[in-house]
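# Examining the three-dimensional arrangement
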Amino acid sequence: DAKAQGRGRVCVFDPAMEARFQHRRWLEHELREALRTQAIAVHYQPLIDLRTDEVCAFEALSRWTHPERGPISPGEFIPLAEEVGLIDTLGEYVLRRACADAVAWPSRVRVAVNVSPNQFRHDGLCGVVASALADSGLPGRRLELEVTESVVLADDSGVFDKLHELRGLGIRFSMDDFGTGYSSLSSLRSFPFDKIKLDRSFLQDSLTRSECATIVRIVGDLGGSLRMTTTAEGVETLEQLEFLRAHGFSEAQGFLFGRAMPADEALALIARWRTPRAA
Ligand code: C2E
Ligand code: MG
Ligand code: MG
Ligand code: MG
């Protein structure tokens, strides 16, 4: 077969691979165009403070609806943007939008923006964040940056210094998708995180799998002991919400409370908010 004939020799034409390659090229082109024309929207999903039962923050999530293909998931276009070098442009766009939108919210409501590992590799990040705050007038303490542990694992690129520089602007850091990587715990110890966001897979299985329930409980305790804020993402049922309350979680986010919505709907939601309760 092809492999036996030596490395680097491609002897077999694979139509499926060719189709994937064409699709990717097309998607890259369309994404560039969408960024150029600002066709990507930023929507906001509420985070609920479990002590006050108020909306305490919104997470900014990119939304792309292609004119012919319809909605394209961030799970598809974010990794592509990273691969083809468009994530800085997209990231700065989302950040500026998020800061500008959040200024209209009550000052106790923060905005959380996802930052990709590649954005941390570039020296411009701190400057971009500072300028987004200055241009919008949003105080740094109202901005949270969500990073995954893969960001801090690439610590050859001065990530530690960048986190501290951004902290100097009052910005807080959340470790996103906590528990899914290899070294979440050691990253928590070495880097200045303020918040743990437990990955939604644990909560989803917590009512049917006892080891997931145990993990939820332990992360609640861990956050309490480390004086960190704990958020669970993916809350879909009242049962899950009560489980989180019982284990001392500070915040919750999920479809039970609301999906990501446009900025004006987010603003309207704050005032009329009622946390769902068991009857
Ligand atoms: P993430 O940062 O962990 O964001 C949470 C994801 O979980 C969002 O998916 C959200 O819609 C989804 N989610 C929230 N609550 C529930 C729930 O109750 N049930 C279920 N099934 N899902 C829930 P989304 O918007 O598709 O985004 C996927 C990922 O794409 C995000 O995961 C984030 O890593 C990335 N992403 C999205 N927008 C951006 C962006 O502007 N910049 C960067 N760097 N990444 C982004
Ligand atoms: Mg996130
Ligand atoms: Mg997350
Ligand atoms: Mg996640």
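What counts and what doesn't
- For every chain, the first residue of the written sequence is number 1, and numbering continues from 1 onward in sequence order.
- Labels follow written order: the first chain is A, the first ligand is 1, and so on.
- This being a predicted model, a pLDDT of at least 70 is required before a residue's local features are given, and a value of 80 or more before pairs of side-chain atoms are given or counted; all residues contribute to the totals for chains, interfaces and linings.
- To get the side-chain values, take all heavy atoms of the structure and skip hydrogens and water.
- Here, the term nonpolar core denotes a set of buried Ala, Val, Leu, Ile, Met, Phe, Trp, Tyr and Cys residues that are joined through side-chain atoms within 4.5 Å.
- Exposed residues in this analysis have more than 50% of their type's maximum accessible area, buried residues have under 20%, and partly exposed residues fall in between, with area computed by a 1.4 Å probe over protein chains only.
- Numbering goes from the N terminus for both helices and strands, where a helix is a DSSP run of H or I of at least four residues and a strand is a run of E of at least two.
- Here the coordinating atoms are restricted to nitrogen, oxygen and sulfur within 2.8 Å of the metal centre, or 3.2 Å for Na, K and Ca, and because water is not among them the sites may look incomplete.
- When at least one non-hydrogen atom of a residue lies within 4 Å of a molecule or strand, that residue is treated as near it.
- Here a polar contact is recorded for every N or O atom pair within 3.5 Å, except that within protein the pair must consist of a potential hydrogen donor and a potential acceptor, and residues adjacent in sequence are included only if both atoms are side-chain atoms.
- Surface accessibility follows the Shrake-Rupley procedure with a 1.4 Å probe radius. Residue values consider only the protein chains on display as shielding.
- Think of a 1 Å grid over just the protein atoms. A cavity is a set of points where a 1.4 Å probe fits yet cannot get out, a pocket is an open set with protein on both sides within 12 Å along at least five of seven lines, and lining residues have an atom within 4 Å of a point.
- Just a note on the criterion: a molecule sits in a pocket or cavity if more than half of its atoms are within 2 Å of the grid points.
- Grid points are joined across faces, edges and corners, and a volume is the space filled by probe spheres set on the points.

The name an unreviewed UniProt entry assigns to the chain is EAL domain-containing protein, from the organism Methylobacterium crusticola.

This brings us to the nonpolar core. Counting 76 residues, the largest nonpolar core has Y44 and L143 as its most contacted members. Broken down by element, this core gets its largest block of residues, eight residues, from helix α3 (residues 87–102).

Only E59 (OE), N114 (OD1), E146 (OE) and D176 (OD) from the protein coordinate the magnesium ion (ligand 2), and they sit 2.0 to 2.2 Å from it. One chain supplies every donor for the magnesium ion (ligand 2), spaced along it as E-x54-N-x31-E-x29-D. Between the magnesium ion (ligand 2) and the magnesium ion (ligand 3) the interatomic distance comes to 3.4 Å, and D176 is a ligand of both metals. Highlighted residues: E59 in strand β2 (residues 54–66) and N114 in strand β4 (residues 110–114), separated in sequence by 55 residues. The class of N114 is partly exposed, set by a relative accessible area of 30%.

Within the structure, ligand 1 sits among 20 residues, and S62, R63, S116, E236 and F255 are positioned closest to it. N114 is positioned such that a nitrogen or oxygen atom in its side chain is 2.9 Å from an oxygen atom of ligand 1. E233 places a polar side-chain atom, nitrogen or oxygen, 3.4 Å from an oxygen atom of ligand 1. Contact with the protein chains covers 83% of the free accessible surface of ligand 1, which is 800 Å². Most atoms of ligand 1, that is more than half of them, are within 2 Å of grid points of the largest pocket.

Turning to the coordination of the magnesium ion (ligand 4), a few remarks are in order. At 2.2 to 2.5 Å from the magnesium ion (ligand 4) lie its protein donor atoms, namely D177 (OD) and E233 (OE). Between the magnesium ion (ligand 4) and the magnesium ion (ligand 2), a spacing of 5.8 Å is present. Residue D177 is located in strand β6 (residues 172–178), and its partner E233 is located in the loop between β8 (229–232) and α11 (238–246); the two are separated by 56 residues in the primary sequence.

Moving on to empty space enclosed by the protein. Applying the stated criterion to the full structure yields one cavity of 30 Å³ or more. When its volume is computed, the largest cavity comes out at roughly 40 Å³. Lining the largest cavity are G91, E92, L95, V113, N114, V115, Q119, L125, V129 and L145. Sorting the residues of the lining of the largest cavity by element identifies α3, β4 and α5 (125–136) as the ones contributing at least two each. The biggest single contributor to the lining of the largest cavity is α3, with three residues.

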